[in-house]
Every structure is written in C-alpha cells, then in structure tokens.
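Listed below are the residues making up each chain.
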Amino acid sequence: SGRCLSYGDGITFWPVAEMAIQAAGIDDDATPDRARSALRAVVEGTRDADVVAAHLAGLIGIDGGGPVEAPWAVRRFFEAVARRSPLVAVFDDIHWAEPTMLDVIEHVADWSRDAPMVVLCMARPELLDERPGWGGGKRNATSVHLEPLSEAEADALIENLLGHPALTAEIRERIRAAAQGNPLFVEEMLATLLDDGVLVQKHGEWVATVDLSTVQVPPAISALLSSRIDRLTGEERGVLEAASVVGEVFERSAVHALVDAHLATLLRKDLIRPSQSDVGGEEGFRFRHILLRDAAYDAIPKGERARLHETFAAHLDASLGDRAAEFDEFTGYHLEQAHRLRRELGLLDERTSALARAGFERLAAAGRRAFERSDMAASANLLGRASDLLEPDDPDRLGIAWRLGQALSESGALAEAVELLETTISRARAGGHDLVAAYAECGVWIARSLRDPEMDLDECEPAADRLIGLFEDIGDRQGAALAWGLKSFALWLRWSIERAGVAAERAI
C-alpha cells in the first residue's frame, strides 16, 4: 500500500516508493547498495530485472543519475510481485496525486496482463474534477461510489458503536440530520457524548446522565472535531497539535519531548491509531481522519506552528542520517512552511532568512533529482517553490532558473518559461553572472520557438554556435551539451535533418 500525501506537491512517486520499500523489506539501516540488492531480488526472474531495479531505485531516491521510465518500471515491478503470489496494490488518497502518478496507475491498468493483481485506488469525489474520465473506457476497471448513509444505516452504525440502541429516537434523529449521512460525524458525535459523560454504561446498557434533548449538536463536522480537541487537557492537546504539523501519519519520536502517557490517552479516545510510519521504520501513528488532523493544525497559533515545522525538519535530519537526502521533499516542505509563517507574522530576521536558505537547498536538490529522472511536472513544482524562497537577484536562485525554465517548457507552461528565462538572462547579465545567462539562453530559444511556431529561426543557429564556443572554451561540458542540443533543435526545425543528427550526437 502507498498513500499520496496532502502536502505532497512534487513528491510524485511517494506511493510507489512506499510499496517498493515494503516489498523489498528495506529498513532504515540499509545502505544504498543493500537497498539496490533488495530491489533487484524483488524483480528476480523478470525480464530486464537489472533495468527495472535501477528505475525503481531512481523512483525511491536511492539513485538520481538519469531519466526514469516510471510507468514501465512500476508495471514490471507489480507484475514481478504478483507472479510470486496474488497482489493487491492499494493507492490511498489519490485525489492528492500528481498527474504523472495518475498516468502511471492508468498505464498499469491498461497494460498489465497475465499477472494476478488488483489495483485499488481510494479518493474523494474531487478527483473527478481533475480527471472526469478516471477509469472510464477500461475493460478491466470499475468505480464504486460511496453514497451517504441512509437513516436505517445511520441507526445501525449507532447501535454497532454503542453495542445497544440506547439513544432516544429524538437524539438519533438530531444526529442523523446534522450528519447528513456522514459516518464520521456519527462516530465523532457519539465519542463526544461519551467523553462528556452524557452516556454511561450501567448494568450492561447505555443510559443518559442528562436529558438528551438538551444536548447541543454542532452544525458541521469541522465544529464537532474542534469541540472534541477543545475538551483535551493542555498536554494532550499539545501532543495532538505537534503531531498535526508532521501530517496525517507521525512517529512517536516526533513528539518525544512529550509524555508517552498522553499518546495512550489519545489512542484510548480514538483520536489517533497505530500505523506504519511514513518516514523510517519506527513506530507510527495516524490521525483517525485527515479532517481531525486539519482541525488540530488550524488551532495552532502561527508562531508556534512555525516553530514546530522547524523543529520537525531538524528531527528528520537527525533521525534519517545518511538517508536524509532521500527525504529532501519532506524536509524542504517543513522548512518552507516555517519560513512562510514567520514572514506572515512580519518576522523578517536572520532566522527567517536562514530558514529560506535551508528550504531552498532541500527543495532545489529534490527538484534537480526530479529533473534528472525527467519528471518535469514535479521538477517545475519543486524548483519553483525553491526559487520563491530567495530574492529575485540571488545568485543561487538564478543558478537553478535554467532547469526551472526547461521543466516549465516541457510541462507545457511555455509563456511562463519564456518570461522566467528572459528575466533570468537580464538579471544575470546585470549582476555579472554571464555563465548563468548563457544557460538560460539555451532554454529560452527553444521555449520561444515552441510557443510561437511562426518565429523567425535565422538567429537561433548562430546563437547556438556562440554558446557552444563559450562553453567549450571554459570546459563546461554540461553547458556545451545544452548548446549542442539547442543547435540540433534549430536545425531540425529547419528540416536540416542530417546536420541536426550530427549536432544531437555531439550533445549526447
């Protein structure tokens, strides 16, 4: 099983990484070599096993040295597991999935044959806003829509939760009317009645300690969840709020400064449940519902929220050790949030600047890895967020602009790519960063021509020759490769196919 994360912008393949780590039995102490061997063992016996394992390593973040054929690799991985024993692959919360991840799932559904597997995807209805045709037209796919509970089903849920139909018809009707078929509301309302001592068990039956007709039923699920959190002690609420900063799933060590007894209380009150950890192999917990996590998070003052995000980023680095780079997207997100919250509070000091720099480094590193595996949508997201953390003229921000521009261009955001690269060229030249300007120029010619098919291409090849000379004179092989690629592209557009091929060979 693998989950898409609510804060998962740019973490495209996290659900697949979770699945591969589970299947291969990769633990926290595994070295990159051991992890690669474990992945190779999972796909042993399948055709191109070495190549499949290498692609999986790239998706997990163990390797980052080249493009990754994600749809093909994930399908071959699932088929290899399924041939050993029937497989159920569960993708949870795919309404938060990146478009590339949805494409991978659809590829598996379309192309997998002769391997016993079920791919189960769970999502909120808003998935269909982004993918109206999700699952449609596939011979081996079906959709199951969960309708609201009927009155009889709501009554059955109440009876099953309490063990006895002790509620009066009036209070049952009030809960049903407020819940509007939402089982979470029914569960939380009953939990509130039990927490407040309104319902108690005597002689094997549930009895009311007050007139149930006087009980106020909150008008919405968010108000109900907030009221449950408000009833916690200060220490219990502190644990829950700290956990909410981590996410829907959190680890015991993430709230290690607080007493374990409070975790036991939250478990007893069914606000959290044991779960597999998202990060690392230690004991984890999960909020019983993402809305409960959101209610706890929204209740935290911004200053404290920023401190908790910063603290958890430091915890990730300390606990992950040599594997910290694999989780740059996670750490970068928490540093980014800490910086944003402090800016919103007007705290424009050295600490805020340090958070911006640290967040930039982690998001930029993740964006570069996504770029190298040709996940351009994720790269554009991560590099764009990294750029936003620094001032427009910052050399580090200018230094990643060419990758961001190319990622935007290949993702179809051509107007945005052209504007970014032209601005980068102007600012880099003004600041004396001629090499940065040259990198950006390689990308802007391609973005311009893709945006405007009628563009005059006469200047493109001479520009490529000038850039080739610049890069080769200083021995910059990466820049030279980009410039030769630009020349090949310019020649190809002008139907000079043989010369385009020669330039492409030079680029390679």
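Note: the structure precedes this text.
These figures come from a predicted structure and were not determined experimentally.

Quick notes on the rules
- Residues numbered from 1 in each chain as written.
- Predicted model: local features only at pLDDT ≥ 70, side-chain atom pairs only at ≥ 80, totals over all residues.
- Heavy atoms only, no water.
- Helix = DSSP H or I, 4+ residues; strand = E, 2+ residues; numbered from the N terminus.
- Contact = heavy atoms within 4.5 Å.
- Axes fitted to C-alpha atoms, helices over the stretch in contact; angles between N-to-C directions.
- Parallel < 35°, antiparallel > 145°, perpendicular 65-115°, else oblique.
- Left-handed = near helix turned anticlockwise from the far one by under 90°.
- Nonpolar A, V, L, I, M, F, W, Y, C, P; charged D, E, K, R; others polar.
- Buried < 20%, exposed > 50% of the residue type's maximum accessible area, 1.4 Å probe, protein only.
- Expected span 1.5 Å × (residues − 1).
- Arc of directions from axis to C-beta.
- Salt bridge = Lys/Arg side-chain N within 4 Å of Asp/Glu carboxyl O.
- Phe/Tyr/Trp six-rings, centres within 6.5 Å; stacked < 30°, edge-to-face > 60°.
- Lys NZ or Arg CZ within 6 Å of the ring centre and 35° of its normal.
- Pairing = 2+ DSSP bridges.

Engineer: For this particular structure, what's the right way to read the overall build of the protein?
Structural biologist: Across its full length, the protein carries 24 helices and 8 strands. When the backbone C-alpha atoms are referred to their principal axes, the protein occupies close to 90 × 60 × 45 Å. In the protein, 63% of the contacts between residues at least 6 apart in sequence involve partners at least 24 apart.

Engineer: Just to check I follow, could you spell out the packing of helix α14 (residues 302–320) against helix α15 (residues 328–344) for this structure?
Structural biologist: For any two helices packed against each other, the geometry is given by the interaxial angle and the distance between the axes. The contact between α14 and α15 brings their axes to 8 Å, and the two run at 155°. On the basis of their axis angle, the class for α14 and α15 is roughly antiparallel. Between α14 and α15 lies a crossing of left-handed hand. For the pair formed by α14 and α15, the contact residues are Lys 302, Arg 305, Ala 306, His 309, Glu 310, Phe 312, Ala 313, Leu 316 and Asp 317 on the first element and Phe 330, Thr 331, Tyr 333, His 334, Leu 335, Gln 337, Ala 338, Leu 341, Arg 342 and Glu 344 on the second. Along the lines of polarity and charge, the residues of the contact of α14 with α15 split into 9 nonpolar, 4 polar and 6 charged.

Engineer: Just to check I follow, could you spell out helix α1 (residues 14–24) for this structure?
Structural biologist: Every α-helix winds through 3.6 residues per turn, so residues three or four apart in the chain are directed the same way. Taking burial as the measure, the 11 residues of α1 include 8 buried ones, the bulk of the element. Positive phi shows up at Gly 25, right after α1, with a value of about 65°.

Engineer: How do you make sense of helix α20 (residues 414–430) when you look at a structure like this?
Structural biologist: Here α20 is 17 residues long and its end C-alpha atoms lie 24 Å apart, about the 24 Å a rise of 1.5 Å per residue gives. Every buried residue belonging to α20 is among Leu 414, Ala 417, Val 418, Leu 421, Thr 424, Ile 425 and Ala 428, and all of these are buried. Down the axis of α20, the smallest arc covering the buried residues is 135°, so these residues share one side. Of the residues in α20, the exposed ones pointing more than 90 degrees away from the buried face are Glu 419 and Ala 430. Against α18 (395–399), α19 (401–410) and α21 (434–451) lie the buried residues of α20.

Engineer: So what exactly am I meant to see when it comes to the pattern of salt bridges here?
Structural biologist: It is possible for side chains bearing opposite charge to pair when their charged atoms get close. Evaluation of the coordinates by the stated rule reveals 46 salt bridges. Between Arg 237 and Asp 230 there is a salt bridge; the shortest N-O distance is 3.1 Å. For Glu 236, the salt bridge goes to Lys 269, with nearest N and O atoms at 3.7 Å. Here Glu 236 is found in helix α11 (residues 234–246), whereas its partner Lys 269 is found in the loop between α12 (260–268) and β7 (272–276), with 33 residues between them in sequence.

Engineer: Is there a simple way to think about the environment of Leu 56 in this case?
Structural biologist: As for its position among the elements, Leu 56 is in helix α3 (residues 49–60). In this structure the C-alpha to C-alpha distance between Leu 56 and Val 16, which are 40 residues apart in sequence, comes to 8.7 Å. For Leu 56, the contacting residues outside a window of four places in its chain are Leu 39, Val 43, Ala 73 and Phe 77.

Engineer: Quick question: what am I supposed to make of the packing of aromatic side chains here?
Structural biologist: Each aromatic ring pair is summarised here by two numbers: the centre-to-centre distance and the angle between the ring planes. Using the criterion set out here, one finds 9 aromatic pairs in the structure. Summarising the aromatic geometry, the rings of Trp 14 and Phe 330 are spaced 4.8 Å apart at their centres and angled 70° between planes, so their arrangement reads as edge-to-face. Here Trp 14 is found in helix α1, whereas its partner Phe 330 is found in helix α15, with 316 residues between them in sequence. Assigned by exposure class, Trp 14 and Phe 330 land together as buried. Ring plane angle 75° and centroid distance 5.1 Å describe the contact between Tyr 439 and Phe 471, whose orientation is recorded as edge-to-face. Remark: Phe 471 occurs in helix α22 (residues 460–474) and Tyr 439 occurs in helix α21; sequence separation between them is 32 residues. Tyr 439 sits in the buried class, given a relative accessible area of 8%. Pairwise contacts between aromatic rings join Phe 371, Trp 402, Tyr 439 and Phe 471 into one cluster. A cation sits over an aromatic face here: Arg 305 above Tyr 297, 4.6 Å from the ring centre. In this structure, Arg 448 is placed above the aromatic ring of Trp 445, and the distance from its NZ or CZ to the ring centre is 5.4 Å.

Engineer: I'm lost on the sheet that holds strand β3 (residues 117–121) in this one. Help?
Structural biologist: Within a sheet, each strand pairs with its neighbour through backbone hydrogen bonds, oriented either parallel or antiparallel. If you trace the 3 strands from one edge of the open sheet to the other, you get β1-β2-β3, paired in parallel fashion. The open sheet has two edge strands, β1 (2–3) and β3, and neither has a second partner. Across 2 bridges, β1 lies against strand β2 (residues 87–92) in parallel orientation. Within the sheet, the bridge partner assigned to Gly 2 lies in β2 and is Phe 91. Along the sheet, helix α4 (residues 70–84) makes contact with β2 and β3, crossing β2 at roughly 140°.

Engineer: Quick question: what am I supposed to make of the side chain of His 55 here?
Structural biologist: Looking at where His 55 falls in the secondary structure, it is placed in helix α3. If sequence neighbours within four positions are ignored, His 55 has contacts with Pro 67, Val 68, Glu 69, Trp 72 and Ala 73.

Engineer: How should I be thinking about the packing of helix α16 (residues 350–372) against helix α17 (residues 376–388) in this particular structure?
Structural biologist: Between α16 and α17, whose axes approach to 8 Å, the crossing angle comes to 160°. As summarised for this structure, α16 and α17 are arranged roughly antiparallel, according to the angle between their axes. At the point where α16 passes α17, the crossing takes the left-handed sense. The residues of α17 that touch α16, namely those facing Phe 360, Leu 363, Ala 364, Ala 366, Gly 367, Arg 368, Ala 370 and Phe 371, are Met 376, Ala 378, Ser 379, Leu 382, Leu 383, Arg 385, Ala 386 and Ser 387.

Engineer: Sorry, what's going on with unusual backbone geometry here?
Structural biologist: Here Asp 114, not a glycine, exhibits a phi torsion of approximately 60°, which is positive. Among the structural elements, Asp 114 can be located in the loop between α5 (99–111) and β3. Residue Asp 270 is not a glycine yet carries a positive backbone phi of 60°.

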